[in-house]
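# Close look at the chain arrangement
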Amino acid sequence: MTSGRPGGKVNKPLLRSWPVAGRGAESSEVERIGDHLAGGGLLAYPTETSYGLGAAATEGGVEAVRRLKGRAADAPFLVLLPSGGDPVDAPKRWGLALPDAARNAAAGLWPGPLTMVLFDREARFPPGIRSASAGVAVRVSSHPFVEALMALWDRPLISTSANRSGSQPTRSAREIVAAFEGLPMSEELWIVDAGMLTASLPSTVVDFTLPRPRVLREGALTFAELFRRVPELDR
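Just so we're clear, the structure is a prediction, and the values are computed from it rather than from any experiment.

Going through the model one piece at a time under the given rule, you end up with 1 aromatic pair. Here the aromatic rings of Phe-223 and Phe-227 are separated by 5.9 Å at their centres, their planes lie at 20°, and the arrangement is stacked. Of the two residues, Phe-223 and Phe-227 are both situated in helix H7 (residues 223-229); the distance of 4 residues between them amounts to about one turn of the helix. Accessibility expressed as a relative area gives 13% for Phe-223, which makes it buried. Seen from the ring of Phe-223, Arg-235 lies directly overhead, with NZ or CZ sitting 3.9 Å from the centre.

Structure below.
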């Protein structure tokens, strides 16, 4: 697992308590984590729904997360986007098409547990993130740690639940260690410990690449909540 030794070999988990309220955030810690990701490292981190598992949104990052998680190659990963100060403009910054319906949803529901599938018109994302139909699932997280990390690192971050495929989502750093210790790629994993997370539904996923946006997975946001923002929404 990981270490906290910059530039050195990673040997054991990096466990860091992060205040849920976001107070006392140390930019030096976040910078080190960003350097770890930029160097091909893996990260388990808290979000507003569950602990996530991620890496840089590159071909190498996709392969590393897939190996550690044991996930099939035909299931694309979603990514978290840095807000850049305005969550609504975040998708366009990364070459993603943002139709009016998606813009309306983002304006009222980002940052938060809404994942939007958007058309990657510039093919800027690699396979494993970009689907066969050129869709990329993205969201902007409201968790204080993710906000701090993305503000400094400022790149898309793979986000999938921090568990082996087919297993229950993890809710603590201890459960993450138990899930991944000794597995291929586990030596590259750093863990940000934000304590025990409350059980929560996953993000709601809406496909905005279709003529009428459609809910693919109803989660923390209900259809009724989305419909108020996107009246053309379909199930």
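With that settled, consider the side chain of Thr-115. Among the structural elements, Thr-115 can be located in strand S5 (residues 114-119). A distance of 2.8 Å separates a polar atom in the side chain of Thr-115 from a polar atom in the side chain of Ser-203. With sequence-adjacent residues up to four places away left out, Thr-115 is seen in contact with Leu-78, Ala-137, Val-138, Arg-139, Ser-203, Thr-204, Val-205 and Val-206.

Criteria and cut-off values
Residues numbered from 1 in each chain as written. Predicted model: local features only at pLDDT ≥ 70, side-chain atom pairs only at ≥ 80, totals over all residues. Heavy atoms only, no water. Phe/Tyr/Trp six-rings, centres within 6.5 Å; stacked < 30°, edge-to-face > 60°. Helix = DSSP H or I, 4+ residues; strand = E, 2+ residues; numbered from the N terminus. Buried < 20%, exposed > 50% of the residue type's maximum accessible area, 1.4 Å probe, protein only. Lys NZ or Arg CZ within 6 Å of the ring centre and 35° of its normal. Polar contact = N/O pair within 3.5 Å; in protein donor to acceptor, adjacent residues only side chain to side chain. Contact = heavy atoms within 4.5 Å.

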